[in-house]
Amino acid sequence: MKTVIIYESMFGNTHHVAEEMAEVLCQGGPVELIAASHASSASIDGADLVIVGGPTHAHSMSWPSTRRSAIQAAEKSDELEVDPDAEGPGLRDWFLALTMVDGVAAAAFDTRLDSAPILTGRAARSISRRLHDHKFREIVEPESFVVDKRNHLISGEDRHAKRWAQSLLDAAASDS
């Protein structure tokens with residue numbers, strides 16, 4: 001089973017979660033991690049499973065303006081570091097350029113502040129809607145991974161990412 005993970009990451013958290021998932025998913029076959037800024041429709045050619053994740057900005061997926069704001073915030077901070085692939089197009093751009101996909105298994109995830117989803121929003125819901133609009137077949141419910149107010153993954157989220165990845169392997173196996 002070939003898995004492709006398309007991710008957008010501003011401060012490295014979503015990127016890190018994607019890497020943790022890839023460690024488990026490689027048990028099922030080759031895994032390719034691709035930053036949204038480098039992704040195209042061709043990036044998912046031949047994929048049996050496509051996983052898409054990004055940070056939650058303003059209750060949803062990032063916008064060019066929220067991405068710029070995040071980069072500016074990192075420039076003013078001693079604690080935040082911009083992910084190497086943060087600049088450039090994000091997931092919204094990738095979805096806009098994506099051609100229709102017919103029935104490829106998929107899953108959506110996000111990173112968000114550690115608070116009630118009604119307060120933070122969940123980018124994974126928007127990602128899930130776009131997967132559906134492009135005719136992907138979601139095999140699990142969207143998932144969130146949480147960060148603290150200083151934008152660091154909460155302790156245990158590495159294990160959470162690995163457990164979720166295992167659930168994706170199990171769902172993909174039972175789905176085929």
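As a reminder, the structure under discussion sits directly above these lines.
These numbers were taken from a predicted model, which means no experiment stands behind them.

K.L.:
Where do I start with the nonpolar core in this structure?
P.N.:
Generally speaking, soluble globular proteins have nonpolar side chains that are buried together. M21, L25, I51, F109, W164 and L168 are the most contacted members of the largest nonpolar core, which totals 26 residues. Of all the elements in the fold, those that place two or more residues in this core are β1 (3–7), α1 (13–25), β3 (49–55), β4 (105–113), β6 (143–147) and α6 (157–175). Of all the elements, α6 adds the most residues to this core, at 7 residues. Those residues in contact with I51 that lie beyond four places of it in its chain are T3, V4, I5, I6, L25, A107, F109, W164 and L168. Of all hydrophobic cores here, the second largest spans 21 residues; its members include A47, L91, A123 and F136.

K.L.:
What am I meant to see in the pairing of β1 here?
P.N.:
Each regular strand displays side chains that alternate between the two surfaces of the sheet. Within β1, 5 of the 5 residues are buried, which leaves it mostly tucked inside the rest of the structure. Note on the crossover from β1 through α1 to strand β2 (residues 31–35): the handedness is right-handed.

K.L.:
Which parts of the structure should I look at to understand the packing of aromatic side chains?
P.N.:
In this description, an aromatic ring pair is defined by two values, namely the gap between the centres and the angle between the planes. Considering all chains together, one arrives at 4 aromatic pairs under this definition. The interplanar angle of 70° and the centroid separation of 6.0 Å between the aromatic rings of F145 and W164 together place this pair among those described as edge-to-face. Taken together, the residues F145 in strand β6 and W164 in helix α6 connect sequence positions 19 residues apart. In this structure an aromatic cluster arises from ring pairing among F109, F145 and W164.

K.L.:
What should I look at first to understand the environment of A18 in this one?
P.N.:
One can find A18 in helix α1. When its relative accessible area of 0% is taken as the criterion, A18 is described as buried. Separated by 23 residues in the primary sequence, A18 and S41 have C-alpha atoms spaced 19 Å apart. In this structure, A18 is in contact with I5, Y7, L33 and F109, ignoring residues within four places of it in sequence.

K.L.:
It is not clear to me how unusual backbone geometry should be interpreted in this structure. Could you clarify?
P.N.:
Leaving glycine aside, a negative phi is the common case for residues, and trans is the common case for peptide bonds. Backbone geometry places H59, a non-glycine residue, at a positive phi of 75°. By the secondary structure assignment, H59 is in the loop between β3 and α2 (64–75). H59 sits in the partly exposed class, given a relative accessible area of 45%. We note that N151 has phi near 65°; this positive angle belongs to a residue other than glycine. Within the secondary structure, N151 is located in the loop between β6 and α6. Its relative accessible area of 24% is what places N151 among the partly exposed residues.

K.L.:
What's the story with the layout of surface pockets in this structure? I'm lost.
P.N.:
If you roll a probe as big as a water molecule over the atoms, it shows you where there is empty space left. Reported here for the largest pocket is a volume of approximately 350 Å³. Lining the largest pocket are 19 residues; nearest its centre among them are F11, P55, T56, H57 and N151. Residue assignment for the lining of the largest pocket shows that the elements contributing at least two residues are α1, α2 and β4. The element best represented in the lining of the largest pocket is α2, accounting for 4 residues. For the lining of the largest pocket, the residue count by class is 8 nonpolar, 10 polar and 1 charged.

Rules behind the numbers
Residues numbered from 1 in each chain as written. Predicted model: local features only at pLDDT ≥ 70, side-chain atom pairs only at ≥ 80, totals over all residues. Heavy atoms only, no water. Core = buried A, V, L, I, M, F, W, Y, C linked by side-chain atoms within 4.5 Å. Buried < 20%, exposed > 50% of the residue type's maximum accessible area, 1.4 Å probe, protein only. Helix = DSSP H or I, 4+ residues; strand = E, 2+ residues; numbered from the N terminus. Contact = heavy atoms within 4.5 Å. Right-handed = clockwise from strand over helix to strand, strands pointing away. Phe/Tyr/Trp six-rings, centres within 6.5 Å; stacked < 30°, edge-to-face > 60°. 1 Å grid on protein atoms, 1.4 Å probe; cavity = no way out; pocket = protein on both sides within 12 Å on 5 of 7 lines; lining within 4 Å. Points joined across faces, edges and corners; volume = space filled by probe spheres on them. Nonpolar A, V, L, I, M, F, W, Y, C, P; charged D, E, K, R; others polar.

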